[in-house]
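Structure at a glance
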Amino acid sequence: MSGPLVVLVGPMGVGKSTVGELLAARLGTTYRDTDADIVADAGKPIAEIFYDEGEEHFRALERRAVAAAVAGHPGVLSLGGGAVLDGTTRELLAGRPVVYLSMDVDEAVRRVGLNTARPLLAVNPRRQWRELMDARRHLYEEVARTVVATDEHTPEEVAQAIVDALELPEGAAAPGVESTGMTQQGPTRIQVAGSAGSDPYEVLVGHRLLGELPQLIGDRARRVAVLHPEALAETGEAVRQDLADQGYEAIAIQLPNAEEAKTAEVAAYCWKALGQTGFTRTDVVVGIGGGATTDIAGFVAATWLRGVRWIAVPTTVLGMVDAAIGGKTGINTAEGKNLVGAFHPPAGVLCDLAALESLPVHDYVSGLAEVIKSGFIADPVILDLIEADPEGARTLAGPHTAELIERSIRVKAEVVSSDLKEAGLREILNYGHTLGHAIEKNERYKWRHGAAVSIGMVFAAELGRLAGRLDDATADRHRTVLESVGLPLTYRGDQWPRLLENMKIDKKSRGDLLRFIVLDGVGKPTVLEGPDPAVLLAAYGEVSA
């Protein structure tokens, strides 16, 4: 019987994607996820399909996706948690090498607690989990050739158990797997050194990281404030409840979505909540969400009682590789972005890759601008990986996702470890941001940050070329890499006067002297001060639509 080498079934959050990718690498084959196929075909996340069209419509899409994958994929295949509900699908799986990955309810709630892309697990996770499993457990067991328990086991151990149970022949690892730096015994831990009187901390990258929160919060804290955007209301409440169950006096503070959260009014609302709760200097703020959420959470923590500890739990690519790391916190004003803020490093950062499953593709791609920036200023391997598979770079299921995120985090960690307060080296992280921030302000912060920075990097490349600093090939490479993942390259030509005024109050400016980060080559950033206005205009002409 032709078809997949292994089919993984099991409940949401059990780790099918993580185990599937490891298993495919070990067997020297490819990995496919029918949920990813559905998202790609529908053009929107599964949660939105549920809410917009209903579960029946989603199950029809799922049935077709499973049939196509079983017929056409020869490697490792994973199915969505509810795929086995369909009788046709169960018949299709009969006689195939199906593995049921199981876990108990406590482990399930811990694993899915950070992920809002679970439309059937949105209110009372424990009760709803039990109800789902009561309806599905016998179906998983019916289609499975073998059952592998995942509780208390690493993804690597689960993959090994599948190989042993099915007596699968192991092959060469897939290209790039060994270079990810991900330790299979737990999350990758990236150190950020303390500087300017701040304490060192760790950035953890991996899956199922919610269990790390209590250790980071520590025993001295009695109260924890979980700050989250409106879009992650269920997630914020799930984390609050989990912390409350562990003995903390936990509150959830809901913020507006995206940049609308970064205002003095929102900060004051948070201060009031902390005051009413009796927050002391030993208590802890947790910020869960994208870059805007971690910016405001860090700012609130920095300013309450002149500084309390905080933990960042970024749920976007942008948050993971940039905003949550380095201690820059801030809010926006009418005059510009992040002009009011403080340097206040977190006590730790938890980058749970499972949280990215719910991220809309445009938001995911927006975060890639910061990843690509890291490639140009410090780590050219990032650019090589994206150029090798730009479509893969656009999705969590891509073969290099973990490596791209980890490499970007390492770039930022190394820079901020030596220059917390942007006295020198840290300026290089602003590559593409001078014009990017000006565009964001011009668009009243309605644009995605990564889209603006993408145009800003193309502008900086052209500025470097026209200033005689950057070769043509590297300047052109900006366009090809950014365009290959779907990021914009141009902006409205008639907006230059307004953008120029916006750039004059950029934080990197010194008096009336404009400063730009440009490149002398890949991995060779430098400062260009006071460029000729004619050169600036010519560079902008190259990005004008």
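Reading the values: rules and limits
Residues numbered from 1 in each chain as written. Predicted model: local features only at pLDDT ≥ 70, side-chain atom pairs only at ≥ 80, totals over all residues. Heavy atoms only, no water. Helix = DSSP H or I, 4+ residues; strand = E, 2+ residues; numbered from the N terminus. Buried < 20%, exposed > 50% of the residue type's maximum accessible area, 1.4 Å probe, protein only. Contact = heavy atoms within 4.5 Å. Areas by Shrake-Rupley, 256 points an atom, 1.4 Å probe, with all protein chains shown as cover. Salt bridge = Lys/Arg side-chain N within 4 Å of Asp/Glu carboxyl O. Arc of directions from axis to C-beta. Pairing = 2+ DSSP bridges. Axes fitted to C-alpha atoms, helices over the stretch in contact; angles between N-to-C directions. pLDDT = per-residue confidence, 0-100.

It is worth spelling out the overall build of the protein at this point. In terms of regular secondary structure, the protein is built from 22 helices and 16 strands. Expressed as a percentage of its 545 residues, the buried residues of the protein come to 57%. In the protein, once contacts between residues fewer than 6 apart in sequence are set aside, the share between residues at least 24 apart is 75%. Entry remark: accessible area of the protein is about 21500 Å², with carbon and sulfur atoms responsible for 50%.

Our next topic: the pattern of salt bridges. One pass over the structure, following the stated rule, counts 33 salt bridges. Note that Glu-237 and Arg-240 form a salt bridge whose closest N and O atoms lie 2.8 Å from each other. Taken together, the residues span about one helical turn, with Glu-237 and Arg-240 both in helix H10 (residues 233–245) at a distance of three residues. Given a relative accessible area of 17%, Arg-240 falls into the buried group. Residue Asp-379 pairs with Arg-407 through a salt bridge whose shortest N-O separation is 3.0 Å. Residue Asp-379 is found in the loop between helix H14 (361–377) and helix H15 (380–388), and its partner Arg-407 is found in helix H17 (residues 401–418); the two are separated by 28 residues along the sequence. When its relative accessible area of 12% is taken as the criterion, Asp-379 is described as buried. Among the charged side chains, a salt-bridge network with shared partners connects Glu-462, Arg-465, Asp-472, Asp-476 and Arg-479.

With that out of the way, let us pick up H15. Among the residues making up H15, those that are buried are Ile-382, Leu-383, Leu-385 and Ile-386. Projected down its long axis, H15 carries its buried residues within an arc of 165°, all on one side.

A few words on the pairing of strand E15 (residues 515–519). For E15, a buried count of five out of five residues is recorded, marking the element as mostly surrounded by other parts of the structure. Side chains Arg-515, Ile-517 and Leu-519 project from E15 onto one buried face, and the interleaved Phe-516 and Val-518 project onto a second face that is buried too. Bridge count between E15 and strand E16 (residues 525–529): five bridges; the pairing is antiparallel. For Ile-517, the partnering residue across the bridge sits in E16 and is Val-527. Hairpin connection from E15 to E16: five residues lie between these consecutive antiparallel strands, with Gly-523 at a positive phi of about 80°.

For the rest of this paragraph, the subject is the sheet that holds strand E4 (residues 98–102). Strand order in the open sheet made by the five strands is E2-E3-E1-E4-E5, with parallel pairing throughout. Among the strands making up the open sheet, the edge pair consists of strand E2 (31–33) and strand E5 (146–149). Taken over all neighbouring pairs, the strand axes of this sheet differ in orientation by 25° on average, direction set aside. Here four bridges tie E4 to E5, and the two strands are oriented parallel to one another. In the sheet register, Ser-102 faces E5, and the bridge partner there is Ala-149. Its contacts with the sheet put helix H2 (residues 34–42) on E2 and strand E3 (76–78), and the angle it makes with E2 is roughly 60°.

Detailed reading of the predicted model is not advised wherever pLDDT is low. Across the protein, the average pLDDT comes to 86, with 89% of residues at or above 70. Taken as a whole, residues 112–123 scores under 50 in pLDDT and shows 43 contacts with residues more than four places along the chain or in a different chain. This model gives residues 172–185 a pLDDT under 50, and the stretch forms 27 contacts once residues within four places in sequence are excluded.

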